[in-house]
Amino acid sequence: KEFFGSSEKVQKDDLRKKITSLEWELIKATLEEQGKKSSIAEIEEHIRANTRPFFLWKLNFGEVFLSDSRHEGGFDIVVGNPPYNELRDLSAGEQSDYKRSPYYEHALGGRVNLFQFFYPLAIIISNRPATICLITQNSLLGEDSALRNRRLIVESSRIIRFVSFPERDDTKKRVFESAKMSVCIGILNVMKSVPADYAFEINVWYDKYFTNGHVLRLNLSEIRNIFPNNLVFPLSTESSFKILKTI
């Protein structure tokens, strides 16, 4: 509170140093209590290099993560635009840090993309109930590389809608002019008990101006029946989806 309440740069810099020092001491003390003394040397290396491959959510947002009879603790709303780099393009040290994260098991699959770490992160730091909205690559909806993300989404949340922008070649129509990629906005309700079946929408837009597109209304049970192993969220029209259900 003192840090956020201060408007003086010198004071904020001093408080930031004190907070960082306390975080390191807390981490080392926790590792010693857990008998993980071999990890302390690695922590010392990060201190010397002034790098922090982590963020202590429950320490930095203590009030948010307090639980009571009505709430488990966590953020009520999580909104984000994660990076879209592939894990293999990072340095060996950065790859190692990502692979040690608690989100890695939910990101595994094919050529791992960094956005695949952020749905698990958003879900884990969310309250129950909470709303999540992330914009990621369109591969989230159907590619095998994102299958573990889709499984976690289905297990942990009720999908409100996916908004897909499949255009990637036309710079005037795709969402990010400087990035040749199709994107998807996911809007989810994270909850303690997810219904076995419910209706949701997949909105498909062929340009970023929302002038040309269609809406597919479907139930989760239909996805489970048609794609039991891959949990694909199709971008098809209503008429095409009806045909798909009969095959």
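Residues numbered from 1 in each chain as written. Predicted model: local features only at pLDDT ≥ 70, side-chain atom pairs only at ≥ 80, totals over all residues. Heavy atoms only, no water.

Chemist: How do you make sense of the overall build of the protein chain when you look at a structure like this?
Modeler: Secondary structure assignment for the protein chain yields ten helices and six strands. If you line up the protein chain on its principal axes, its C-alpha atoms span 60 × 45 × 40 Å. Counting the 247 residues in the protein chain, one finds 38% classified as buried. Long-range contacts, defined as pairs at least 24 residues apart, comprise 60% of the intrachain contacts of the protein chain with a sequence gap of at least 6. Of the accessible surface of the protein chain, which amounts to about 14500 Å², a share of 52% is contributed by carbon and sulfur atoms. Distance from the positive charge centre (34 side chains) to the negative charge centre (32 side chains) of the protein chain: 2 Å. (Helix = DSSP H or I, 4+ residues; strand = E, 2+ residues; numbered from the N terminus. Buried < 20%, exposed > 50% of the residue type's maximum accessible area, 1.4 Å probe, protein only. Contact = heavy atoms within 4.5 Å. Areas by Shrake-Rupley, 256 points an atom, 1.4 Å probe, with all protein chains shown as cover. Lys, Arg positive; Asp, Glu negative; His and termini not counted. Charge placed at Lys NZ, Arg CZ, Asp CG, Glu CD.)

Chemist: Help me understand the nonpolar core in this model?
Modeler: Soluble globular proteins: nonpolar side chains tend toward being buried together. Core analysis: the biggest nonpolar cluster contains 49 residues, and Ile132, Ile159, Phe162, Phe200 and Phe233 have the highest contact counts within it. Grouped together as the second largest cluster of nonpolar side chains are five residues, Ile27, Leu31, Ile40 and Ile43 included. (Core = buried A, V, L, I, M, F, W, Y, C linked by side-chain atoms within 4.5 Å.)

Chemist: I'm lost on the sheet that holds strand β4 (residues 183-190) in this one. Help?
Modeler: Either a parallel or an antiparallel arrangement is found when strands of a sheet pair, and the pairing is made through backbone hydrogen bonds. The strand order β1-β2-β4-β3-β5-β6 describes an open sheet built from six strands, whose pairing is mixed. What marks the edges here is a single partner per strand, and that holds for β1 (75-80) and β6 (213-219). Across this sheet, the average inter-strand angle for adjacent strands is 10°, counted without regard to direction. Most of the contacts of helix α8 (residues 147-156) go to strand β3 (residues 157-165), to which it runs at about 135°, and overall it touches β3 and β4. (Pairing = 2+ DSSP bridges. Axes fitted to C-alpha atoms, helices over the stretch in contact; angles between N-to-C directions.)

Chemist: What is the right way to read the packing of aromatic side chains from this model?
Modeler: In this description, a pair of aromatic rings is defined by centroid distance and the angle of the planes. Taken as a whole and judged by the stated rule, the model has 14 aromatic pairs. Arranged with centres 4.7 Å apart and planes meeting at 70°, the rings of Phe55 and Trp57 form a pair that is edge-to-face. On the numbers, 5.7 Å between centres and 85° between planes, the contact of Phe65 with Phe75 is edge-to-face. With a gap of ten residues between them, Phe65 in the loop between α4 (57-60) and β1 and Phe75 in strand β1 connect regions that are remote in the sequence. Accessibility classification places Phe65 together with Phe75 in one group, the buried group. Clustering of aromatic rings is evident, with ring pairs tying together Phe55, Trp57, Phe61, Phe65 and Phe75. (Phe/Tyr/Trp six-rings, centres within 6.5 Å; stacked < 30°, edge-to-face > 60°.)

Chemist: Help me understand the packing of helix α2 (residues 9-33) against helix α3 (residues 38-49) in this model?
Modeler: Each pair of packed helices can be described by the angle between their axes along with the distance between the axes. Contact geometry of α2 with α3 gives a least axis separation of 10 Å together with a crossing angle of 170°. Of the possible angle classes, the one that applies to α2 and α3 is roughly antiparallel. Two secondary-structure elements touch here, α2 through Trp24, Ile27, Lys28, Leu31 and Glu32 and α3 through Ser39, Ile40, Ile43, Glu44, His46 and Ile47. Class assignment of the residues belonging to the contact of α2 with α3 gives a composition of six nonpolar, two polar and three charged. (Parallel < 35°, antiparallel > 145°, perpendicular 65-115°, else oblique. Nonpolar A, V, L, I, M, F, W, Y, C, P; charged D, E, K, R; others polar.)

Chemist: Can you walk me through the side chain of Ser156 in this structure?
Modeler: Positionally, Ser156 belongs in helix α8. Take Ser156: its relative accessible area is 13%, and that puts it in the buried class. With sequence-adjacent residues up to four places away left out, Ser156 is seen in contact with Ile123, Asn189, Val190, Met191 and Val194.

Chemist: I keep staring at α3 and nothing clicks. Help me out?
Modeler: Side chains that are three or four residues apart share a direction in an α-helix, a result of its 3.6 residues per turn. Within α3 the residues assigned to the buried category are Ile40, Ile43 and His46. Taken around the axis of α3, the buried residues stretch over an arc of 110°, which confines them to a single face. Residues of α3 that are exposed and point more than 90 degrees away from the buried face comprise Ser38, Glu45 and Arg48. In the core, the buried residues of α3 are packed alongside α2 and α5 (92-99). Backbone geometry just after α3 places Asn50 at a positive phi near 55°. (Arc of directions from axis to C-beta.)

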